[in-house]
Amino acid sequence: MTLSTTFTFVTTIFLFLTLTTNPVLSQLLPPFACDWSNPSTRSYPFCNPKLPILQRTRDLVSRLTLDEKLAQLVNSAPPIPRLGIPGYQWWSEALHGVGNVGRGIFFNGTISSATSFPQVILTAASFDSHLWYRIGQAIGIEARAIYNGGQATGMTFWAPNINIFRDPRWGRGQETAGEDPLMTSNYAVSYVRGIQGDSFQGGKLRGHLQASACCKHFTAYDLDNWKGVNRFLFNAKVSLQDLADTYQPPFHSCVKQGRASGIMCAYNRVNGVPSCADYNLLTETVRKQWEFHGYIVSDCGAVGIIHDEQGYAKSAEDAVADVLHADHAKSAVEQKKLHISQIDRALHNLFSIRMRLGQFGGNPAKLPFGMIGSNHVCSENHLYLALEAARNGIVLLKNTASLLPLPKTSTISLAVIGPNANASPITLLGNYAGPPCKYITILQGFRHYVKDAVFHPGCDGGPKCASAQIDKAVDIAKKVDYVVLVMGLDQSEEREERDRVHLDLPGKQLELINSVAKASKRPVILVLLCGGPVDISSAKYNNKIGGIIWAGYPGELGGIALAQIIFGDHNPGGRLPITWYPKDYIKVPMTDMRMRADPSTGYPGRTYRFYKGPTVYEFGHGLSYTKYSYEFVSVARDKLHFNQSFTHLMVENSETIRYKLVSELSEETCKSMSVSVTIGVKNHGNVVGRHPILLFMKPRKQRIGSPMKQLVGFHSLLLDAGEISHVGFELSPCEHLSRANEAGLKVIEEGSHLLLVGEEKYLIDIIV
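Residues numbered from 1 in each chain as written. Predicted model: local features only at pLDDT ≥ 70, side-chain atom pairs only at ≥ 80, totals over all residues. Heavy atoms only, no water.

Asks: Even after reading the chapter, I still don't get the sheet that holds strand β13 (residues 414-417), so can you show me in this structure?
Replies: Either a parallel or an antiparallel arrangement is found when strands of a sheet pair, and the pairing is made through backbone hydrogen bonds. Taken in spatial order, the six strands line up as β12-β19-β18-β17-β13-β14 in an open sheet, and their pairing is mixed. A strand with exactly one partner marks an edge of an open sheet, and here the two such strands are β12 (395-399) and β14 (454-456). Neighbour-to-neighbour, the strand axes of the sheet open up by a mean angle of 15°, direction not taken into account. Here β13 pairs with β14 via three bridges, running parallel. Bridge pairing in β14 places Val416 opposite Phe455. (Pairing = 2+ DSSP bridges. Helix = DSSP H or I, 4+ residues; strand = E, 2+ residues; numbered from the N terminus. Axes fitted to C-alpha atoms, helices over the stretch in contact; angles between N-to-C directions.)

This is the structure:
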């Protein structure tokens, strides 16, 4: 199949979708208050859009009875008919597309599906902030279209999940942007700006929201159910240092740069205190330090758990007083454990979001975002974006002797073997997905290149592979020119409430892989569908396995994307957003929240920043069908002199180290000391490629507690064959050249630091 034929095929898919899944605009009106045709409601000050939102919410709240107030403090907020206020559902999901997991979105009308993008962990592998923004933007547009079409009772979406993928066994790691805090922070900002209707650079929003984003799960939440320890009872013991430089940065960025309108507190406790009852975290940090003015929601049932399971509160009323929730709230008020002003404050936050969403300005069709119709759902642009996201995220892990791409000739024969090759939609989509516009299996994608491709599942019972039909698979492999094995995991192996207990491929998958590889004429290609990493060391070093591809959970058009990569109509460029650990990493308790290694006890640490042990594949690993080289074209300065403010001293291994506290440096100082870095990148091959450039920093001399290296910038660049291009980075020493000390304070230490890109290094000296 030629490149032009591939594009024709994709265009045909889009045309089919346009004709079959894009209905005419529904005549149903979305729910709204302040109907201007109703004289009895339009006179209320809270209906006057010319007044400040704070004044409007105060007026509205002042008109409510205590019972009406309390009834609004749950996710299914009932209507208030006497004021013309409709009911509202706060719980909707949009992790990687508008979902049907929550209760605020309905696909039972003229709109029956929504674009299902790749699961977040695969999208993250593109290292492309603008792609993340465009996906968020598309999700926000489709959400608004569903609401405008009368199929939504809420526009608050409990996404993105910006917890750090700390442990490879975490079942929900697939929902995240990986293990790096800078990258996850960037993802949070890009997604939130996109879905809420802001510009990519931010600052466009003037009050109105396209949809509302809620950053979750605050904080240090990354264990669901592991060896009898569940997320409801887990007490995450986290140092101030790890909180400062790993767990909190994504939430800080989500609030400060992304301007998210919601935050969800987690089930777990942090250092003994339930996250949803932690005054220091929620009030002192989020509200006061970060100046957050949106709503804070507990995870489903989290407040009851504080009393019923964690035993933190003596009574249900005490739990409400600690967190503020509707259940038992009236008793809490009557017992003077909860002041009415706290309820009013929560209601101001809630109604201000609904006003920003346009629910209190009359007919939403006449307001910003009111003209977004059902033709925007499953649109050609959004479907192509889903395809682009899958193609740019898929990671080529191994390609011995340039086995890939496969030849596009009509004469080759192909076998597609494995439990995920022709799997149901949930396997390709991942969790928290909605009904897709169109679902293309991996087998279907291959059959557009090789019409008579032979398929065999190889395993009985899906990826669990308790038994395998190895003899049959081997017979098929012997008869064809090429074999693609599609293996890995699915939601029965990793998901919410299910963490893994091992890092191997399940059941008899490895036996099937080795047997087929041994029997095949040529080295085989192994494709892995999974969110978390698996130990495939044996495949990595097996000469009969020539290519290995990680495809995550690639979304509704993932079958097309994978086929295009394997047959060379797209050059892979994705890079791993997580470390792939060896299988004996399971010796490390999942409950140990420490990031830094402890050699005295054999604790190896976590993530590429602190892990001191062997890897199967490193963070950032990813191959291409071409070769790239880098050079440091210019660095604005190679010496940074910090002469202002007080200099602190510490002694480490008999050496006195001078350092500055970032908190004592002015914002002007931090900005004036920024370092502009320009990197030249060349594509040495004969094919175009999209390539993520990853810029790291490492101290020349390793200090106790400092990262071995850390990502300080990344950029995705499209390069033609033979093309040379430049990419710029702006590094703030206060953000990128600092680290957190044991007290959780950011410090800039005197000494030499290396900037790293590929194999290239550049030395920067810091003098304090």
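More follows now that the structure is in view.
Asks: Whenever I open this one, the pairing of strand β24 (residues 675-683) confuses me. Can you help?
Replies: Residues in a regular strand point their side chains to alternate faces of the sheet. Pairing of strand β20 (residues 628-635) with β24, which is carried by seven bridges, proceeds in the antiparallel orientation. By the bridge assignment for β24, Val635 is matched with Val677. Pairing of β24 with strand β27 (residues 724-731), which is carried by eight bridges, proceeds in the antiparallel orientation. Across the sheet, Val675 pairs through a bridge with Leu731, a residue of β27.

Asks: Looking at this structure, I do not really get the nonpolar core. What am I missing?
Replies: If you look at soluble globular proteins, the nonpolar side chains tend to sit buried side by side. Counting residues in hydrophobic clusters, the biggest one holds 197 residues, and the most contacted among them are Leu528, Ile536, Trp550, Ile566 and Trp580. With ten residues, helix α6 (residues 129-148) is the single largest residue contributor to this core. If sequence neighbours within four positions are ignored, Trp550 has contacts with Ile121, Leu122, Ala125, Ile394, Val395, Leu397, Leu528, Cys530, Gly531, Leu576, Pro577 and Trp580. In terms of nonpolar packing, the next biggest core, distinct from the first, is built from 31 residues, Met697, Cys734, Ile748 and Val757 among them. (Core = buried A, V, L, I, M, F, W, Y, C linked by side-chain atoms within 4.5 Å. Buried < 20%, exposed > 50% of the residue type's maximum accessible area, 1.4 Å probe, protein only. Contact = heavy atoms within 4.5 Å.)

Asks: Any chance you could explain the packing of aromatic side chains here in plain terms?
Replies: Geometry of an aromatic ring pair is reported as the spacing of the ring centres plus the angle between the planes. Per the counting criterion, the structure on display carries 28 aromatic pairs. Relative to Phe200, the ring of Tyr133 lies with its centre 5.6 Å away and its plane at 65°, an arrangement referred to as edge-to-face. Residue Tyr133 is found in helix α6, and its partner Phe200 is found in the loop between α7 (181-196) and β4 (212-218); the two are separated by 67 residues along the sequence. Classification of Phe200 by relative accessible area gives partly exposed; the value is 28%. Ring geometry for Phe218 versus Trp290: centroids 6.0 Å apart, planes at 75°, classification edge-to-face. On the criterion of sequence distance, the pair formed by Phe218 in strand β4 and Trp290 in the loop between α10 (279-289) and β11 (295-298) is long-range, its members being 72 residues apart. You'll find Phe218 and Trp290 in the same group, each marked buried. The rings of Phe127, Trp132, Tyr187, Tyr191, Tyr608, Phe619, Phe696 and Phe714 are connected pair by pair, giving a single aromatic cluster. The aromatic ring of Tyr617 is capped on one face by Lys540, whose charged end is 4.6 Å from the ring centroid. Seen from the ring of Phe696, Lys709 lies directly overhead, with NZ or CZ sitting 4.1 Å from the centre. (Phe/Tyr/Trp six-rings, centres within 6.5 Å; stacked < 30°, edge-to-face > 60°. Lys NZ or Arg CZ within 6 Å of the ring centre and 35° of its normal.)

These results come straight from atomic positions and should not be treated as a statement about function.
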